[in-house]
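Structural overview for review
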Amino acid sequence: MECLFCRIVAGEIPATIVRETDNTLAFRDIGPKAPVHVLVIPKEHYADVATLAQGDPALAGEVLATAAAVAEDEGLLGDGFRLMFNTGAYGGQEVYHVHAHLLGGAPLGPMLARDLG
């Protein structure tokens, strides 16, 4: 098994898990970009969010529900948070197992770090 996140699901690589369901796993990012930075994944391998949405819309909904539950657990509902899926090379995806970045706990600034205009 070469997929990093599949290996985390299998328990081969340690992670700080904050929520687990039958079908999803949420764990802290090892290089956080915000005070709260949690990755939310389906346990089943899908390369990206488009593949997940087309292949199993119900599981895609479970990923979103898990992200919302983690946001509540982390106290982010009042001030807000960002939920982001990077897809493909242009989208900045680094691990090709779909994952949502749940970021919050401080003002996050603009969506992109540079002006594309």
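Residues numbered from 1 in each chain as written. Predicted model: local features only at pLDDT ≥ 70, side-chain atom pairs only at ≥ 80, totals over all residues. Heavy atoms only, no water.

**Brief notes about the pattern of salt bridges**
Quick note on the threshold: In what follows, salt bridge is the name for a side-chain nitrogen of Lys or Arg lying within 4 Å of a carboxyl oxygen of Asp or Glu. Under the scheme used here, helices are H or I runs from DSSP no shorter than 4 residues and strands are E runs no shorter than 2 residues, and both carry numbers assigned from the N terminus.
Summed over all chains, the structure comprises 4 salt bridges. A salt bridge links aspartate 73 to arginine 19; the nearest nitrogen and oxygen atoms lie 2.6 Å apart. In this pair, aspartate 73 sits in helix α3 (residues 57-73) while arginine 19 sits in strand β1 (residues 17-20), placing the two residues 54 residues apart along the sequence. Across the pair glutamate 74 and arginine 28 runs a salt bridge, and its minimum N-O distance is 2.7 Å.

**Here we look at the pairing of β1**
Inclusion rule: Two strands make a pair as long as DSSP finds a minimum of two bridges between them.
Looking at chain direction, β1 and strand β2 (residues 24-28) are connected through 3 bridges and run antiparallel. Within β2, the position partnered with glutamate 20 by the bridge is leucine 25. Where β1 hands over to β2, the hairpin turn is made up of 3 residues, counted between the paired strands.

**Some points on the sheet that holds β1**
The criterion, for reference: Under this scheme, a helix contributes an axis fitted over its contacting stretch, all axes are lines through C-alpha atoms, and angles between N-to-C directions fall in the 0 to 180 degree range. Whether two residues are in contact is decided by their heavy atoms, any of which lying within 4.5 Å being enough.
What the 5 strands build is an open sheet, ordered β1-β2-β3-β5-β4; its pairing is antiparallel. The open sheet terminates on both sides in strands that have one partner only, identified here as β1 and β4 (81-85). Neighbour-to-neighbour, the strand axes of this sheet turn through a mean angle of 20°, independent of strand direction. Contacting β1, β2, β3 (36-42), β4 and β5 (100-104), α3 crosses the sheet at an angle of about 155° to β3.

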